[in-house]
Amino acid sequence: MEKNQSTALIFELSRSGRRCARLPVSDVPDAVVTIPQRFMADAPPALPELGELDVVRHFVNLSTKNMSIDTNFYPLGSCTMKYNPKRHERLAALAGLADVHPLQDDETCQGILGLLYEMQSYLAEIAGLHGVSLQPAAGAQGELTALLVASAYFKDKGQKRTRVLIPDSAHGTNPASAAIAGFDAVQIKSQGGYVDLEDLKAKLDDRTAVFMITNPNTLGLFEKQIATITKLVHEAGGLVYLDGANMNAILGITRPGDFGADMMHYNVHKTFTGPHGAGGPGSGPIAVRDMLIPYLPSPLVVRQGDRYTLDEDRPQSIGRVRSFFGNVGILIRGYCYIRTLGPSGLREVSDQAVLNANYLLSRLKDQFEVPQGDRCMHEFVASCRTLRREKNISAMEIAKRLLDFGYHAPTVYFPLVVPEALMIEPTETENKETLDAFADTLIKIKGEDAAFLKEAPHTLSRSRPDEVKAAKEPILRWKPA
Amino acid sequence: MSYVQNTAEQQAAMLASIGVDCIEALFAPIPSELRLKRLLDIPAAMSEIELTRHMTALASRNRNASDSVCFLGGGAYDHFIPAVVDAICSRSEYYTAYTPYQAEASQGSLQAFFEFQTLICQLTGMEVANASLYEGGTSVTEAVLMAAGVTGRHGRVIVAESVHPDYRSTLKTYLANLEPKVTEVPTPEGFANPDDIRKVLDDQTSCVVLQHPNFFGCLEEVEEVAKLCHAVGALLVVSFDPISLGILKKPGDYGADIAVAEGQGLGNPLNYGGPYLGLLACREAYVRKIPGRVVGQTTDRLGRRTYALTLQTREQHIRREKATSNICTNQGLMALKAAVHLTALGPSGLRETAHLCLNKAHYAVAQIETMTDMRRRFNRPFFKEFTLQSSVPVHSLLEHARDDGYLAGLALARWYEGLEDCFSVTVTEKRTRSEIDGLARSLQSAVRHGVRAVMA
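These numbers were taken from a predicted model, which means no experiment stands behind them.

**Q** Explain the pairing of strand β2 (residues 163-167) of chain A here, please?
**A** Residues and elements named next belong to chain A. For β2, a buried count of five out of five residues is recorded, marking the element as mostly surrounded by other parts of the structure. Here β2 shows a buried face lined by R163, L165 and P167 and a second buried face lined by V164 and I166. Bridge count between β2 and strand β6 (residues 208-214): three bridges; the pairing is parallel. Note that in β6 the partner of R163 across the bridge is T208.

In structure tokens:
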């Protein structure tokens, strides 16, 4: 079939006078009191003008230029690209949920407040912690919120603690969040894929406010020494923060609170399968130990008898981290997921996520270097270091060539501690046939000619955008010719 | 039920390939004393039929903008969403994709974000826009942090009290441990008087933050304040209402340096507060200080026009603690909705929407003032939202209207001392004359009822 639909921009498709949406004729008189001329525009913004069919055809055809979970295996490490159940979309769109205004009286939204109250309690139970704020809009905001909570806690205790310790394998958001929370970020070395205990001991002191740890870590390994680590941090008077990006590996198996974390965030869009929306919305609730609850952002949902209310009267709270309650639409989807799975189903998620990752690892570990050994949790990190040295094939080449075979690429060049990293997370919802076909493809690609790979992908509509040019001479909007 | 597909036979084969007997063996690295030795204490699993019944029951316990007549605003609005927005954004190629790191496999979303950025520039008259932030409140905060970076001034930030209380609260939370200190300018007349701003503005001030139209619905003297700011080298940050720009002057035309907004009104349902999207647009000169995701146009190896994430050296995954922001995503799906929405409206649709809001809001005021003794609290020009002073307790007034089927307004007492007898009302293009008349009648009967109650 000839693809004759152009990829022109909507601005180039615009023709003066075309209309899509139409508004009703006004049924009220024109405003008698007009707004003073100094506030008024001469003309409306020069938005494009398209007919309805062209709007639809444009965006539908654009959508086919994406890979997505619904169309492709998407083993993007650390992002937990699992199936997004269709029932969630239908239920979250119910008018009694989607059309509720955030400033309605509590009396008029008992259903939604009850749901959010339950969600707080489920997330506390899964974390093994005591208090939950659903407010943060994404994981990175959850980190920042928790660090501000820690800061307020230490201030109240009269302690001046200025440092946040972060392993070198951590997500970049960890140090960025620490900086905004007013802390100095101090890097802790890794040793064989784990936190270097000696380096941690050397840097722990009475300046330490928080140690941020991702567990399982970004290499897909459970920190075996986690109990020792959290004990050391606590002995130094610090708090332990768990980056919950990898909760998919441990649901119902071990709980952050039980292994010594005092605070954590969830990525509801990862672990509890909110659709990722090509980059958002996320939702990053945090769970904390009891002594930190007073500092959580306001409001929290509380239950009084059989009524639910928003509690804003929380004098020690750090305040708000955003307007309104939170990314409720995503929390509703997470709630539906937890209710669909129940306790056994959640446990099965982690069982199967870990099984799938280890199976894929078993298929690939003799073909690719996997520096951190032959077992993993929910993901593993292969390295193309030798491949690059010997055959001039980099992780990027592998990633780009995978696209030709209909696979989204793994996460590449992260974590930073592994050279030429390919970070692979299959998730529990994929089947063995898919994993086998993916492994076969990776092995095939490895044997291909390096020069050919340098120009991959060969079959997509675009290949190897010039990123240097994009950054040097930024073109960030369309301009009329 | 966990959407798992592997059969028992496949699982056995997989375990054999791994070289272990059972899945449990894969969890050996977790010390047994740290293991949870019971099931999680959460409710039992539900089938889709049961879940649907449960969720429908929960939903039925919420009043909403579909079963009531909604006059609520305060930063979240019941605007019309054309069906094309939902139809397009329900394409799972969009909503089940992730951050477009692999440009070749994400040209759909990347081009849509590039179009979004352009639409926001067209809307605001600014030169650069990012691919969206979380929502309106954090957008103000990101703009303030950005203004400090642009001006190199880490002293004072001036914020009008007429800016959304949640936005101000968010800003203060973020600044808790940072250098800049917030000076709030009182707005007793419903807007920030430029004279009051002049008094606190100095050469250590990084920016002045206004909301226009503001939380009370009133218009601010943005042009005059822009001149004051520029005279001392400070930036003007304005939080705008995107729908208002169908008729009001654009931020770029009245001198705003950074324009931010809550973008919910562009195609996104109320959703009890989120997910929404933050808009951020600014002058070209600040492009390398802009927070969040940005999509740029470039060419691929065959010279074809191509879109890719760009200016990533500003971002946390490269710069870590030195990044311009800790933000790691945009609100991709919400930005797509906004882009489709603005395209569907076009210039005429946006202008008509804004006119309908303006005319209906003014009609509502006229009706209410005719039928009750309530009056507008502030004598300022307004767009679609206005503040009324009530002669009866606001809480019982709103409750009365609620019983008549109207989500009539927002009591301002929780946010503003001195406005305990006030509430704000929003009228969007969706409200009809008969709904507005109904609201006025409901308020009229509440006032009469209230008067009777006091006399008895």
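**Q** I tried to follow unusual backbone geometry on my own but got confused; where do I start?
**A** The general pattern is negative phi for most residues beyond glycine and trans for most peptide bonds. The amide bond that connects N215(A) to the next residue, P216(A), takes the cis arrangement and shows omega of -5°. Structurally, P216(A) is set in the loop between β6 and α9 (226-235). Of note, the bond from G280(A) into P281(A) is cis; its omega dihedral lies within 30 degrees of zero at 15°. For P281(A), the position within the fold is in the loop between α10 (268-271) and β9 (286-288). You will see that T80(A), though not glycine, has its phi angle at about 50°, which is positive. Topologically, T80(A) is positioned in the loop between α2 (52-63) and α3 (86-92). A positive phi angle is found at Y3(B), which is not glycine, with a value near 60°.

**Q** Any chance you could explain helix α5 (residues 107-124) of chain B here in plain terms?
**A** The α-helix winds at 3.6 residues per turn, so residues separated by three or four positions along the chain end up facing the same way. Residues and elements named next belong to chain B. In this model α5 runs 25 Å from its N-terminal to its C-terminal C-alpha over 18 residues, within 8% of the 26 Å that 1.5 Å per residue would give. Along α5, 18 of the 18 residues are buried, which leaves the element largely enclosed by surrounding structure. Positive backbone phi, approximately 75°, marks G125, located one or two places after α5.

**Q** So what exactly am I meant to see when it comes to the environment of T80(A) here?
**A** Residues and elements named next belong to chain A. A tally of 26 C-beta atoms within 10 Å means that T80 is categorised as buried. Separated by 46 residues in the primary sequence, T80 and T34 place their C-alpha atoms 53 Å from one another. Beyond its immediate chain neighbours, meaning those up to four positions away, T80 contacts N248, K270, T271, E425 and T427.

**Q** What am I meant to see in the nonpolar core here?
**A** Grouped burial of nonpolar side chains is what soluble globular proteins tend to show. V149(A), V208(B), V209(B) and V237(B) are the most contacted members of the largest nonpolar core, which has 316 residues in total. Residue contributions to this core peak at 20 residues, all from helix α12 (residues 332-371) of chain B. V149(A) has contacts with M263(A), V288(A), L292(A), Y295(A), L296(A) and I318(A), leaving out every residue within four places of it along the chain.

The rules behind each value
- Residues numbered from 1 in each chain as written.
- Chains lettered and ligands numbered in written order.
- Predicted model: local features only at pLDDT ≥ 70, side-chain atom pairs only at ≥ 80, totals over all residues.
- Buried ≥ 20, exposed ≤ 12 C-beta atoms within 10 Å, placed from the backbone.
- Helix = DSSP H or I, 4+ residues; strand = E, 2+ residues; numbered from the N terminus.
- Pairing = 2+ DSSP bridges.
- Expected span 1.5 Å × (residues − 1).
- Contact = placed C-beta atoms within 7 Å.
- Core = buried A, V, L, I, M, F, W, Y, C linked by C-beta atoms within 7 Å.

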